[in-house]
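Notes for the structure review
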Amino acid sequence: MIPRYLLAGAFLVLAAPAWAVNKDIERLQIQIAALQGQIADLQRTAEDNQKEIKRLGDTLAEQNAFLRKALQDRRVQDDALQTAIREFGERVSELEQRLQQPAAAPAPAAVASPSDAGGAPPATTGAPAAAPPPPRELYSQAYADYARGNYDLAIQEYREYLRNYPNTDLSDNAQYWIGECYYSKGRYNEAVAAWDDLLRDYPASDKIPDARYKKAVTLERLGRRREALVEYRNVVERYPNSEAGRKAREKLNP
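None of the values given here were measured: they were computed from a predicted structure.

What follows is about the nonpolar core. Counting residues in each nonpolar core, the largest one holds 41 residues, and the members touching the most others are Tyr139, Tyr143, Tyr158, Tyr161, Trp177 and Tyr232. With 7 residues, the top contributor of residues to this core is helix H5 (residues 171–184).

Okay, here's the thing in structure tokens:
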């Protein structure tokens, strides 16, 4: 027979108020809700961090692209400056040679014969056409106008040079700089045509690598990417050790 005090204890345990259990459940629910709120905050923070990382990545890519373009522009400017320095030195050398040469004796004046006295006046002839400036002088003037940004005047002077001196050691350079003038004016189709004239008329020119590279750059600006890639590859394959070849490789493998 079960003792009475055990029955009394069991009754007290079973009779524990239900509100105590409900209180524990409520406490657990509050803790779970707090944890869920913390998890949601962490997820939002992670998403914000991912957006910020993406923004920083895009900004870094834009800065890298800008720096690459600035570096390419600087190299083009350096090339133009080196060319100007070299041509200035050639100009100085030519002037020194001209100063060392003796001046030509003036032509003797024509003497009227006695039979002409009292007769009809001699027939007048038109004034002879003015001789073009010396080739180096005309070329240097054209380049000076290019450097000052007078592109239309420079094109006119380079064309005059080619008209009067089509086969000098600077004729191919004059044709090349006509293309550069058009490129600087944003007249890209005419720049391409000028460099095509150089490729056709002066196939042995040392300006061919630069002309092909600049033609490719211009075609790319015109949206003719496929043709530009052909020109870049042509420069890399034919002139791998030139400055134009190095720049073309950078274009193919940015």
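A separate point is helix H9 (residues 243–252). For H9, the complete set of buried residues consists of Ala244, Gly245, Lys247 and Ala248. Projected down its long axis, H9 shows its buried positions confined to an angular sector of 165 degrees, all on one face.

This brings us to the packing of aromatic side chains. In total, this model carries 12 aromatic pairs according to the counting rule given. The interplanar angle of 45 degrees and the centroid separation of 5.7 Å between the aromatic rings of Tyr143 and Tyr146 together place this pair among those described as tilted. A residue pair is termed a helical-turn pair when its members lie 3 or 4 positions apart in one helix, as Tyr143 and Tyr146 do in helix H3 (residues 135–147) at 3 residues. Judged by relative accessible area, which is 12%, Tyr146 ranks as buried. Here Tyr213 and Tyr232 contribute two aromatic rings whose centre-to-centre distance is 6.0 Å and whose plane-to-plane angle is 50 degrees, an arrangement assigned as tilted. Taken together, the residues Tyr213 in helix H7 (residues 208–221) and Tyr232 in helix H8 (residues 225–238) connect sequence positions 19 residues apart. Among the aromatic residues, those joined into a ring-pair cluster are Tyr143, Tyr146, Tyr151, Tyr176, Trp177, Tyr183, Tyr188 and Trp195. In this structure, Lys207 is placed above the aromatic ring of Tyr176, and the distance from its NZ or CZ to the ring centre is 4.5 Å.

Applying the stated criterion to the full structure yields 18 salt bridges. In this structure, Asp24 and Arg27 form a salt bridge, with 2.3 Å as the shortest nitrogen-oxygen distance. Residue Asp24 and its partner Arg27 are located together in helix H2 (residues 18–100), separated by 3 residues, close to a single helical turn. Relative accessible area serves as the criterion here: at 38%, Asp24 is assigned to the partly exposed category. Residue Asp152 pairs with Lys185 through a salt bridge whose shortest N-O separation is 3.2 Å. Residue Asp152 is located in helix H4 (residues 151–164), and its partner Lys185 is located in the loop between H5 and helix H6 (188–201); the two are separated by 33 residues in the primary sequence. Under the relative-accessibility criterion, Asp152 is labelled partly exposed at 47%. Here Lys185 falls in the partly exposed class, since its relative accessible area comes to 32%. One network of salt bridges, in which partners are shared, links Asp152, Lys185, Arg187 and Glu190.

On average, residues of the protein chain score 81 in pLDDT, and 76% of them are at 70 or above. Under a pLDDT of 50 for its full length, residues 103–120 has, in the predicted model, 0 contacts with residues more than four places off or in other chains.

Let us now look at the packing of H7 against H8. Running from amino to carboxyl end, H7 crosses H8 at an angle of 160 degrees, the nearest separation of the two axes being 8 Å. Judged by the angle between their axes, H7 and H8 are roughly antiparallel. Judged by the sense of rotation from one axis to the other, the crossing of H7 with H8 is left-handed. Between H7 and H8, the contacting residues are Pro209, Arg212, Tyr213, Lys215, Ala216, Val217, Leu219 and Glu220 on the first element and Arg225, Glu227, Ala228, Glu231, Tyr232, Asn234, Val235 and Arg238 on the second.

The rules behind each value
- Residues numbered from 1 in each chain as written.
- Predicted model: local features only at pLDDT ≥ 70, side-chain atom pairs only at ≥ 80, totals over all residues.
- Heavy atoms only, no water.
- Core = buried A, V, L, I, M, F, W, Y, C linked by side-chain atoms within 4.5 Å.
- Buried < 20%, exposed > 50% of the residue type's maximum accessible area, 1.4 Å probe, protein only.
- Helix = DSSP H or I, 4+ residues; strand = E, 2+ residues; numbered from the N terminus.
- Arc of directions from axis to C-beta.
- Phe/Tyr/Trp six-rings, centres within 6.5 Å; stacked < 30°, edge-to-face > 60°.
- Lys NZ or Arg CZ within 6 Å of the ring centre and 35° of its normal.
- Salt bridge = Lys/Arg side-chain N within 4 Å of Asp/Glu carboxyl O.
- pLDDT = per-residue confidence, 0-100.
- Contact = heavy atoms within 4.5 Å.
- Axes fitted to C-alpha atoms, helices over the stretch in contact; angles between N-to-C directions.
- Parallel < 35°, antiparallel > 145°, perpendicular 65-115°, else oblique.
- Left-handed = near helix turned anticlockwise from the far one by under 90°.

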